[in-house]
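Coordinates in review
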Amino acid sequence: MNSAVRRFFLFFFSIAALAACEDPKDIGLDLQDENLIGTEFTDTLTIQTGTVFQGDSILSYRMASAVVGQYADPVLGRTRATAFTEVGLGGTNVTFGNNAKADSLVLTLDYGFKYADTLAAMQVQVHRLTGAFDEKASYFTNSQLSYEPAPVGTAAFKPMIEVVDVNGTKTKRTKLLRVKLSPELASQFVAQSGQSTFSNQSSFVNFFKGLALLVAEDTNGSLVGFNLNSTSSALTLHYTAGDGTKKTHAFILGSGGYFSQLTTDRTGTALEGLQANGSFIPSSSTGGDSYVQAGTQLLTKLTFPGLEALKALHGEVIINRAELLLPVKSASTDNNLPVPPQMVLYEANSTNRILRDATGTQRAVQQDGASANATGRPASLVYDKTRGQYSLNVTSYLQAIMLGEKSNNGLLLGAAVVTQNQQLFTISPQVNPYRAIITNSGAKPVKLLLYYSKLN
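These notes cover the structure that comes with them.

The next thing to look at is the overall build of the protein. Within the protein one finds six helices and 27 strands. Out of the 456 residues belonging to the protein, those deemed buried represent 52%. As displayed, the protein has an accessible area near 20,500 Å², and 48% of this comes from carbon and sulfur atoms.

If you want it as structure tokens, here you go:
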């Protein structure tokens, strides 16, 4: 880049910084004369979209929710979730005294996520694990552990999450799921009282490897995310001591390992052909729609061939400001399929995979004002319910393409969780299988609102 181009870039970047003080929702033609003097505007550049299957495993170990259930999406097919969890002993050298008798063994589960048809009763099955957790292993959404075929307990419930007012603060409150496990298992627990089995956690997991939570294969209802770290989630043994006193002992959930397995069946859907890693279906083949589904490796790809046409027409071009608008189809919660709370735009390579740097860090579009080549300030897209869209300032990313600093391989839109710890921002997988339909049709296209300056 020659010195003249650098001077123009710095000048117009300063102008763009002033314009960035405007409310992003107000970006449009009215800003051209008032804030970006000497620039040109377009919102008609070609943007192509489609759906990509990203076959890489998604880390599921100790994510926020342990997801359980199954539902049939009218567009994306069947999604199924099974949770696997260790159980903590809840102490050392645990004893219930002499002549104790088991009354019941009850699994109590708190939850904070529900998805799809939650009006239908959900039948949760609890199975005893036969396969043990490996503390050296990583667990992903395609991992699984073996379990006994017959459940040790079942319970039907309708997931209910209410918003209540507590001293002026809106708080979510759920009704706990309680599953009474078999009397035989409760008696087995009491029989270990004072034995080496209950001396420490290592010995305990040799006796009791954990639980699998699932629903029947023919279920077509909803998904629920159980919060195993909640103080309300536990496996509680109710027993009668030798002196007749009623007592309890709580075995702990969430302190050890847990993860969710997610599987899909897209047979008969427009995405049935997405099988290989990096496989792609253009939105022109799906009525202008492309798809994102968290936890199941579905992402929307966006490419910008119009940038090459703009450069061919005008030569050297400086991007003063660029905002990407992504309209969402049927994003209302009326259908019980809300969109992801957060999305991220990842840079793509030539094979439709997420681009990574030399350290293995995923390259994502950065926040406005950060270097396009940085990785520590990934930008988060949040759904705007009023406008029915996601949007993001992509000025630095597009400018880097125009200057030849980045390849124009496109972006991959995926559900994720962006968190901040002091000045460090990190991207974590979103396992709760939210989905979104991005529409790119003539009536409702994906748009790039672009202010630019010609240098020639």
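Still to come is the rest of the account.
Between side chains of opposite charge, a pair can form as their charged atoms come close. Applying the stated criterion to the full structure yields ten salt bridges. A salt bridge links Asp103 to Lys246, with the nearest nitrogen and oxygen atoms 3.5 Å apart. Separated by 143 residues along the polypeptide, Asp103 in strand S5 (residues 101-109) and Lys246 in strand S15 (residues 246-252) bring together distant segments of the chain. A relative accessible area of 62% places Lys246 in the exposed class. For Arg387, the salt bridge goes to Asp384, with nearest N and O atoms at 3.5 Å. Bridged by salt links that share partners, the residues Arg78, Arg80 and Glu217 form one connected network.

On to the pairing of strand S3 (residues 66-73), then. Across the eight residues of S3, seven count as buried, placing the element largely inside the fold. As defined by bridge partners, S3 adjoins strand S13 (residues 222-226) across four bridges and the pair is classed as antiparallel. From the neighbouring strand, Ala66 faces S13, where its bridge partner is Phe226. Looking at chain direction, S3 and strand S4 (residues 77-85) are connected through five bridges and run antiparallel. Across the sheet, residue Ala72 finds its bridge partner in S4, namely Arg78. Between S3 and S4, which pair antiparallel in sequence order, lie three residues.

Quick look at the packing of aromatic side chains now. Under the counting rule described, the total for this entry stands at 28 aromatic pairs. Note on Phe113 and Tyr115: the rings are 5.8 Å apart at their centroids and 15° apart in plane angle, and the pair reads as stacked. Exposure remark for Phe113: the relative accessible area of 4% places this residue in the buried category. For Tyr115, a relative accessible area of 1% corresponds to the buried category. Clustering of aromatic rings is evident, with ring pairs tying together Phe96, Phe189, Phe198, Phe204, Phe207, Phe208, Tyr239 and Phe251. Here Arg128 stacks its cationic end above the ring of Phe207, 5.2 Å away from the centre of that ring.

Before going further, it helps to examine the environment of Leu253. Mapped onto the elements of the fold, Leu253 is located in the loop between S15 and strand S16 (258-265). Accessibility expressed as a relative area gives 4% for Leu253, which makes it buried. A C-alpha to C-alpha distance of 7.0 Å links Leu253 and Glu86, two positions 167 residues apart in sequence. Beyond its immediate sequence surroundings of up to four residues, Leu253 is in contact with Glu86, Val87, Leu107, Thr108, Leu109, Leu228, Ser233, Ala234 and Leu235.

Interaxial distance between helix H5 (residues 305-314) and helix H6 (residues 395-402) falls to 11 Å at its minimum, and their mutual angle equals 55°. By the criterion of interaxial angle, the relationship of H5 to H6 is oblique. Crossing angle aside, the handedness with which H5 passes H6 is right-handed. Every residue of H6 that contacts H5 at Leu307, Leu310 and Lys311 is listed here: Leu398, Ile401 and Met402. For the contact of H5 with H6, the per-class residue count stands at five nonpolar, no polar and one charged.

Right, let's talk about the environment of Ile401 for a bit. Relative to the elements of secondary structure, Ile401 occurs in helix H6. With relative accessibility at 6%, the residue Ile401 sits in the buried group. Each C-alpha atom of the pair Ile401 and Ala372 lies 9.7 Å from the other, and the pair is 29 residues apart in sequence. Excluding residues that lie within four positions of it along the chain, Ile401 makes contacts with Leu307, Lys406, Ser407 and Asn408.

The next point concerns the sheet that holds strand S11 (residues 177-180). Ordered in space as S11-S5-S14-S15, the four strands form an open sheet in which the pairing is antiparallel. Whereas interior strands pair on both sides, the edge strands pair on one side only; in this sheet they are S11 and S15. Here the strands of the sheet are splayed against their neighbours by 25° on average, with no regard to which way each runs. Running over the sheet, helix H3 (residues 183-191) touches S5, strand S14 (234-240) and S15 and is turned about 110° from S5.

Before going further, it helps to examine H3. Among all positions of H3, only Leu185, Ala186, Phe189 and Val190 are buried. Looking down the long axis of H3, one finds its buried residues gathered within 140° of arc, a one-sided arrangement. For H3, exposure combined with an orientation more than 90 degrees from the buried face picks out Glu184 and Ala191. Where the residues of H3 are buried, they touch S5, strand S7 (122-128), helix H4 (201-207), S14 and S15.

With that settled, the discussion passes to H6. Among the eight residues in H6, seven count as buried, and that is most of the element. Within H6 the residues assigned to the buried category are Thr395, Tyr397, Leu398, Gln399, Ala400, Ile401 and Met402.

Attention now goes to the side chain of Thr197. Within the element layout of this structure, Thr197 appears in the loop between H3 and H4. Residue Thr197 is classed as buried on the basis of its relative accessible area, which comes to 14%. In contact with Thr197, other than residues within four places in its own chain, are Gln192, Ser203, Phe204 and Phe207.

Core analysis: the largest hydrophobic core is formed by 42 residues, its most contacted members being Phe189, Phe226 and Phe251. Look past the residues within four positions of Phe189 in its chain and what remains in contact with it is Phe96, Leu105, Phe198, Phe204, Phe207, Phe208, Leu235, Leu237 and Phe251. Listed in part, the 36 residues of the second largest apolar core include Ile47, Val339, Leu398 and Val446.

Cut-offs used in this document
Residues numbered from 1 in each chain as written. Predicted model: local features only at pLDDT ≥ 70, side-chain atom pairs only at ≥ 80, totals over all residues. Heavy atoms only, no water. Helix = DSSP H or I, 4+ residues; strand = E, 2+ residues; numbered from the N terminus. Buried < 20%, exposed > 50% of the residue type's maximum accessible area, 1.4 Å probe, protein only. Areas by Shrake-Rupley, 256 points an atom, 1.4 Å probe, with all protein chains shown as cover. Salt bridge = Lys/Arg side-chain N within 4 Å of Asp/Glu carboxyl O. Pairing = 2+ DSSP bridges. Phe/Tyr/Trp six-rings, centres within 6.5 Å; stacked < 30°, edge-to-face > 60°. Lys NZ or Arg CZ within 6 Å of the ring centre and 35° of its normal. Contact = heavy atoms within 4.5 Å. Axes fitted to C-alpha atoms, helices over the stretch in contact; angles between N-to-C directions. Parallel < 35°, antiparallel > 145°, perpendicular 65-115°, else oblique. Left-handed = near helix turned anticlockwise from the far one by under 90°. Nonpolar A, V, L, I, M, F, W, Y, C, P; charged D, E, K, R; others polar. Arc of directions from axis to C-beta. Core = buried A, V, L, I, M, F, W, Y, C linked by side-chain atoms within 4.5 Å.

Everything listed is a geometric property; what it means functionally is a separate question.
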